[in-house]
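Analysis of the macromolecular model
Take a look at the letters that make up each chain.
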Amino acid sequence: SSGINAEYGDILHNKSGLYGISGSSDSLTVEQGYTTGDPACTLAFNVFAYSAKKCLGAYSAVLNNAVDCVIFTGGIGENSPLLHSLVCDGFCPVSHDLYSRDRPVSDITARDTAGDTAGDTAGDTAGDTAG
């Protein structure tokens, strides 16, 4: 019985997710496969994004849609505009235009989180906190 549990634990913790679907645990490799049309990588990346979006939606519901912004961190999160788009597209409370590698989180203003995502931080509205 403990051998079966160990086997299931190994499958769940080491051989599922991106690796289980695409054969690679490297998110960059899976993303590259997605962009070149590899079916397994496309499925793996879409499942990953769907799971993140589902989690985000659950948190949003608990917060009564009072989500001001979403910050992607840690490797695949912070380095993948494609993932940002797949997770945030169609997610009404949050605009995925708030963050890009050229616009760090410190530049996001109160005006942006209220819905104006034009990208300038010139300080021309009362809600601005930047420059």
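Side note on the overall build of the protein
- For the protein, the count of helices and strands is six helices and zero strands.
- The linear arrangement of helices and strands in the protein, starting from the amino end, is α-α-α-α-α-α.
- When the 131 residues of the protein are sorted by exposure, 24% land in the buried category.
- Across the protein, the fraction of contacts at a sequence separation of at least 24, relative to all contacts at a separation of at least 6, is 35%.

So, unusual backbone geometry
- Even without a glycine there, the phi angle at Asn64 is positive, about 55°.
- Structurally, Asn64 is set in the loop between α4 (39-62) and α5 (81-88).
- Asn64 sits in the exposed class, given a relative accessible area of 69%.
- In this model, Asn65 sits at a positive phi of 60°, which is unusual for a non-glycine residue.
- As for its position among the elements, Asn65 is in the loop between α4 and α5.

Let's talk about the nonpolar core
- If you look at the biggest cluster of nonpolar residues, it comprises 15 residues, and the most contacted ones within it are Val30, Phe45, Leu56, Val70, Phe72, Leu83 and Val87.
- Contributions of two or more residues to this core are made by α4 and α5.
- Take this core: its biggest share by element is five residues, from α4.

Concerning the packing of α4 against α5
- As a packed pair, α4 and α5 sit with axes 8 Å apart at the nearest point and diverge in direction by 55°. Between α4 and α5, the crossing angle belongs to the class labelled oblique. When you trace α4 past α5, the crossing you get is right-handed. Contacts from Phe45, Asn46, Phe48, Ala49, Ala52, Lys53 and Leu56 of α4 reach α5 at Leu82, Leu83, Leu86 and Val87.

The rules we used
- Residues numbered from 1 in each chain as written.
- Predicted model: local features only at pLDDT ≥ 70, side-chain atom pairs only at ≥ 80, totals over all residues.
- Heavy atoms only, no water.
- Helix = DSSP H or I, 4+ residues; strand = E, 2+ residues; numbered from the N terminus.
- Buried < 20%, exposed > 50% of the residue type's maximum accessible area, 1.4 Å probe, protein only.
- Contact = heavy atoms within 4.5 Å.
- Core = buried A, V, L, I, M, F, W, Y, C linked by side-chain atoms within 4.5 Å.
- Axes fitted to C-alpha atoms, helices over the stretch in contact; angles between N-to-C directions.
- Parallel < 35°, antiparallel > 145°, perpendicular 65-115°, else oblique.
- Left-handed = near helix turned anticlockwise from the far one by under 90°.

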